[in-house]
Amino acid sequence: MEINGKDELKLPLLLPLDGVVVTDKKIKTVKFKVGDISCASCSTSMESLLLELNGVESVMVSVLQGQAAVKYIPELITAKAIKDAIEDAGFPADELPEQEIAVCRLRIKGMACTSCSESVERALSLVDGVKMAVVGLALEEAKVNFDPSITDIDHIVEAVEDAGFGAEVINSGNDVNKVHLKLEEISSEEDIYIIQSYLESVQGVNNVEMDLAEKKVTVSYDPDLTGPRSLISCIEKAGQGPNFYHATLYSPPRQRETERQQEIWMYRNQFIWSCLFSIPEFIFSMVLPMLHPYGNWLDLKVHNMLTVGMLLTWVLCTPVQFIIGRRFYVGSYHALRRRSANMDVLVALGTNAAYFYSVYVVMKALTSDMFEGKDFFETSTMLISFILLGKYLEVVAKGKTSDALAKLTDLAPNTAHLITLDEDNNVISDREISTQLIQRNDILKIVPGEKVPVDGIVVDGQSHVNESMITGEARSIAKKPGDKVIGGTVNENGCILVKATHVGSDTALSQIVQLVEAAQLSRAPVQKLADQISRFFVPTVVVAALITWLAWFIPGELGIYPRHWIPKGMDKFELALQFGISVLVVACPCALGLATPTAVMVATGKGASLGVLIKGGNALEKAHKVKIVVFDKTGTLTVGKPVVVSAVLFSSFSMEEFCDATTAAEANSEHPIAKAVVEHAKRLRRKFGPQTEHMTDIKEFEVHPGAGVSGKVGDKLVLVGNRRLMEDSNVPIGPDVENHISATENLARTCVLVAIDGKVAGAFALTDPVKPEAGHVISFLHSMGISTVMITGDNWPTAAAIAEEVGIKKVYAETNPVGKADKIKNLQMVGMTVAMVGDGINDSPALVAADVGMAIGAGTDVAIEAADIVLIKSNLEDVITALDLSRKTMSRIRLNYVWALGYNVLAMPVAAGTLFPLARIRIPPWFAGACMAASSVSVVCSSLLLQYYKKPLHVKEAQALDVNHNSNSK
């Protein structure tokens, strides 16, 4: 983007009050999908070209999204003329259709599983006027596209609440540029209305939301036409006479974090309360009766056959069943209203069957002096306690999966230095302001070590900027007047003045936020096996229990079977009821609900101990299907830090003199390559001779952006840099030097030349070394039947050399963040399950677009939060561990389902009394409860076997050692 003239730089940065005007000038926005834009220079040239057209008000070109948004005056120019101008510049353009529907985002409360998110989607889709609804379970958000002429946000929220979930509006429409202000000096409602009317009259203001009680205002605005400081000035202008209004920035609290903490505390407290009842009950019902004579007092009769133990367990169980377990009843009610059956329905059925049959046993014992029955209150309490523990651990594990967007936002600094220039471009004021107050065309001062607050162009000064948070590459980029800088990047070694060109939602950082957000919402419809089975299993079990009861009760009343079949102390109704309850309890799919979470719990714990952090069962389920692993290069396959791999002398200068000159010249540079060169030169100096106590000072030091540095060390002129610096300084490059440069570049290394008094004294070769385990990992993945791909923003020679070194055949180089995500989607379109391994913010769109995102633990927080799996130790061997552990876990889950269903399917016919007429074998409810518990125990024990999992690479190495040992012994 060009600097829009010196005159524009001299304009006051905070517009005077007459600069906030009401206008009737009609402005329209048109968007184009633009092809062949691959770098900043393309977008700069396109923006400059379009701004020259009469009637074009503003232009924003997004290299990431390949789009251009143009605001224009229809009376002066048409959209077709703008499109023709873009195409004449050599860029193919297609006009995007206008947005005819409104968009809103909702925060959804109460979702626990995929069936919940599907229920919300189904409820939203049934609302008249809703065009599309996407619900993200991890984000706990919904994005709804709707026709505002048919429905509104209130009806959409009502539909979610009718489905049994909570809903809260995050934002409505596409007004992502918002500022929150706290109003002061307000004494009446009339003052509020005056301020609101003034704000609504400002050109560029889209919406004004007033909070009368808190005296706060939220303003949505167009950053091309106005900004936060102009809005604050408008509020101050609204004060007349004795009324003087004042407004300050207000940052609303992050409600999502607060709600998450409340949810964690709720499950933790419920689990603790359940333990206060379930542990004593377990001791009274299962432990003490086996410890004679200590438990004999539990068999003391209170009345008839009612014992002290029965009464105690009933008292302890009731609060757990109806107070602590109330959430299961509420969840079951809403699920049944939606005509579905989730885990709440399963838990409510199982615990109610256990509880109410136990109540029946107590009543029967109280009224009969011959009845001998076994209650199982402990089944209900222990089941509820175990499920609450699982929910608590699940919420804690999921705690930070939705923080990626907040991490991205936090990369921008909180404050910035705003300066004002006079007619001679001299600084006349310098003040620190909040980053939220920056407006387009502001001039900002960025000192060394500070972050760039917003996207802009350099108007004065030179420096190097570390853009690794966007590019993922460790190399710093030289910046001079006219060059673009990106918000959130770090200025390293020079003071620069930057003109703000993109603020708010238009910055590259905000665009990446939107990409990550969209990718997280566009989830794959993965159905959980337990939810699929429970849809049919629960109704089938209820019907089977009812049929069993009728099959025994009706023949008994009709006298079809003999009276002596009925046990002593029972009648026909009670016998039939026991058979029916036994079927319901023995077939209760509680173990079905434990099959997945217990395996996931053990696998994630074991993975963490091995250096692999797996964020839940979805990541495990998808990882076992992976057929292609896509690797980023810098920081993933390589270490991510440039190091010197060789140093060569080309003249009669000694190594000591060569090292001293290099160290003195590069000591003042903050560039990563310079730091690596200085560190290596000092090491060489110590190796070839004693190091001088005091470093020689350099005079006339000068930085040559993109080339190197120069200065006088003693009486000698020293140049340290690349070939261009030598050529610009008329330093001759002989054949030996030329051959060395070519050989170094062919190895994808950076060659740094050192010239002393016009002669090339030597050279350093730098590289970003490949991680030592990279080649072994790639080879092992191939042996597992998994293909590998490398994708990077680096140049083709470097990418090809690294890929060849580690054994990767397929390479994509010079690819931007959106391009990485597109490559992932292309691989998915051919039916492949793709895993992406990366470390930088530039990898985050690809991480969330992939079926499984794996982040290097030493990478950025944003990449870590966006990923499904985090390699804590930053060791590539853990990629294999994650994939292999997922395969082992899914196999274990399938085995768990076999155990869970096997127990139930085999026990159901026996519980229904099929063997009773022939062998008088029946399963009483208490024994049915034992079978149910055995099913659950078997599932848990099966899952616990994952604790013995070992890394496959370690196993293979151990086997290789055994083979070598055996061959040597022979």
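Quick look at the structure, then. Numbering of residues begins from 1 in every chain and follows the order in which that chain's sequence is written. It should be noted that, the model being predicted, local features are given only for residues of pLDDT at least 70 and side-chain atom pairs only at 80 or more, the latter also being counted only at that level, while totals for whole chains, interfaces and linings use all residues. Water and hydrogen atoms play no part in the side-chain values, which are based on all heavy atoms of the structure.

1. With respect to the packing of helix α6 (residues 189-200) against helix α7 (residues 228-238)
Consideration 1: Every angle, taken between N-to-C directions, lies between 0 and 180 degrees, and every axis is a line fitted to C-alpha atoms, over only the stretch in contact when it is a helix. A run of DSSP states H or I qualifies as a helix once it reaches four residues; a run of E qualifies as a strand once it reaches two. Both are numbered from the N-terminal end. Running from N to C, α6 and α7 cross one another at 135°; their axes reach a closest spacing of 9 Å. When the axes of α6 and α7 are compared, the pair comes out oblique. Two packed elements cross with a definite hand, and for α6 against α7 that hand is right-handed. From α6, I194, I195, Y198 and L199 reach across to α7, where they touch L231, C234, I235 and A238.
Consideration 2: Amino acids are sorted into nonpolar (Ala, Val, Leu, Ile, Met, Phe, Trp, Tyr, Cys and Pro), charged (Asp, Glu, Lys and Arg) and polar (every other residue, Gly among them). Class assignment of the residues belonging to the contact of α6 with α7 gives a composition of eight nonpolar, no polar and no charged. Orientation categories follow fixed angle ranges, with anything under 35 degrees roughly parallel, anything over 145 roughly antiparallel, 65 to 115 roughly perpendicular, and all other angles oblique. In this scheme the handedness of a crossing depends on how the near helix is turned from the far one: anticlockwise by less than a right angle means left-handed, clockwise means right-handed. The contact definition used throughout considers only heavy atoms, calling two residues in contact when any of these lie within 4.5 Å.

2. Side note on a nonpolar patch on the surface
Consideration 1: A surface patch of nonpolar side chains, amounting to about 400 Å² of accessible area, comprises I279, F282, I283, M286 and M382.
Consideration 2: Its location among the elements puts F282 in helix α8 (residues 255-287).
Consideration 3: Burial classes: relative accessible area under 20% of the type maximum marks a residue as buried, over 50% as exposed, and values in between as partly exposed (1.4 Å probe, protein chains only). Relative accessible area serves as the criterion here: at 35%, F282 is assigned to the partly exposed category. For patch detection, residues must exceed 30% relative accessible area and be free of salt bridges, and they are connected within 9 Å for like charges or within 5 Å for nonpolar side chains (Val, Leu, Ile, Met, Phe, Trp, Tyr). Methods summary: accessible areas were calculated by the Shrake-Rupley approach with a probe of 1.4 Å, and residue burial reflects only the protein chains presented. The term salt bridge refers to a side-chain nitrogen of Lys or Arg lying within 4 Å of a carboxyl oxygen of Asp or Glu.

3. Looking at the sheet that holds strand β17 (residues 443-446)
Consideration 1: Pairing is antiparallel in the open sheet, where six strands are placed in the order β16-β15-β17-β23-β18-β21. Looking along the sheet, the strands with just one partner apiece sit at the ends: β16 (427-434) and β21 (484-485).
Consideration 2: Sheet topology places strand β15 (residues 415-421) next to β17; three bridges connect them, and they run antiparallel. Its bridge partner lying in β17, H417 is registered against K445. By this definition, two strands are paired if DSSP reports at least two bridges between them.

4. Section: the nonpolar core
The nonpolar side chains of a soluble globular protein tend to be buried with one another.
Consideration 1: Among the buried residues, those of types Ala, Val, Leu, Ile, Met, Phe, Trp, Tyr and Cys that are joined through side-chain atoms within 4.5 Å form a nonpolar core. Ranked by size, the top nonpolar core spans 52 residues in total, and within it V629, F631, L781, M854, I869, V879 and L883 carry the most contacts.
Consideration 2: No other element matches helix α30 (residues 877-911), which puts nine residues into this core.
Consideration 3: If we skip the residues at most four places from it in the chain, V879 touches V629, F631, V837, M854 and L871.
Consideration 4: Of all hydrophobic cores here, the second largest spans 36 residues; its members include V208, I438, I496 and V498.

5. Structural notes on helix α24 (residues 735-746)
Consideration 1: A helix is expected to span 1.5 Å multiplied by its residue count minus one. Taking 1.5 Å per residue as the helical rise, α24 with its twelve residues ought to reach 16 Å, and the 16 Å between its terminal C-alpha atoms agrees with that figure.
Consideration 2: Where α24 is buried, its residues contact β26 (643-649), α23 (723-728), β30 (750-756) and β31 (759-767).
Consideration 3: Remark: A748 follows α24 within two positions and exhibits a positive phi of approximately 60°.

6. A word on the pairing of strand β10 (residues 205-211)
Consideration 1: With six bridges joining them, β10 and strand β11 (residues 216-221) adopt antiparallel strand pairing. Counterpart to E209 in the pairing with β11 is T218.
Consideration 2: In this antiparallel pair of consecutive strands, β10 and β11, the connection spans four residues, and K215 shows a positive phi of 55°.

7. A look at the sheet that holds strand β20 (residues 477-479)
Consideration 1: Reading across from one edge, β20-β19-β22 is the order of the three strands in this open sheet, with antiparallel pairing throughout. For this open sheet the edge positions go to β20 and β22 (490-491), each flanked by a neighbour on one side alone.

8. Details of the pattern of salt bridges
Consideration 1: Enumeration over the complete set of coordinates arrives at 14 salt bridges.
Consideration 2: In this structure, E738 engages R723 in a salt bridge whose closest nitrogen and oxygen atoms are separated by 2.7 Å. With E738 in helix α24 and R723 in helix α23, this pair connects stretches of sequence that are 15 residues apart.
Consideration 3: The partly exposed category is assigned to E738, whose relative accessible area is 28%.
Consideration 4: Note on R723: relative accessible area 25%, which makes it partly exposed.
Consideration 5: A salt bridge links D884 to K888; its shortest N-O distance comes to 3.1 Å. Taken as a pair, D884 and K888 lie in helix α30 at a separation of four residues, close to a single helical turn.
Consideration 6: Take K888: its relative accessible area is 40%, and that puts it in the partly exposed class.

9. Side note on α7
Consideration 1: Where burial is concerned, most of α7 is hidden: nine out of the eleven residues are buried.
Consideration 2: Turning to α7, its buried residues number three or more, namely P228, R229, S230, L231, I232, S233, C234, I235 and A238.

10. So, the packing of aromatic side chains
Consideration 1: Geometry of aromatic contacts follows a simple scheme: Phe, Tyr and Trp rings, the Trp one being its six-membered ring, pair when their centres are within 6.5 Å, and the pair is stacked under 30 degrees between planes, edge-to-face over 60, tilted otherwise. One pass over the structure, following the stated rule, counts 15 aromatic pairs.
Consideration 2: Residues W565 and F916 carry aromatic rings whose centres are separated by 6.1 Å and whose planes lie at 90° to one another, so their mutual orientation is edge-to-face. In this pair, W565 sits in the loop between α16 (529-558) and α17 (572-586) while F916 sits in helix α31 (residues 916-919), placing the two residues 351 residues apart along the sequence. Each member of the pair, W565 as well as F916, carries the same accessibility label: buried.
Consideration 3: Each residue in the set F322, Y329, Y355, F356 and F377 is aromatic and connected to the rest through ring pairs, giving one cluster.
Consideration 4: By the criterion adopted, a ring carries a charge over it if an Arg CZ or a Lys NZ lies within 6 Å of its centre and within 35 degrees of its normal. The ring centre of F328 lies 5.1 Å from the NZ or CZ of R327, which sits over that ring.

11. Thoughts on a negative patch on the surface
Consideration 1: Counted charges follow a simple rule, with Lys and Arg positive, Asp and Glu negative, and His plus the chain ends left uncounted. Think of each charge as sitting on NZ of Lys, CZ of Arg, CG of Asp or CD of Glu. On the surface, a cluster of negative charge is made up of D152, D154, E158, E161 and D162.
Consideration 2: On the secondary structure map, D152 appears in the loop between β7 (141-146) and α5 (153-162).

12. Re the environment of H464
Consideration 1: Its place among the elements puts H464 in strand β19 (residues 463-466).
Consideration 2: Taking relative accessible area as the criterion, H464 reaches 9% and is therefore assigned buried.
Consideration 3: Distance from H464 to A478, taken between C-alpha atoms, is 4.3 Å for residues 14 residues apart in sequence.

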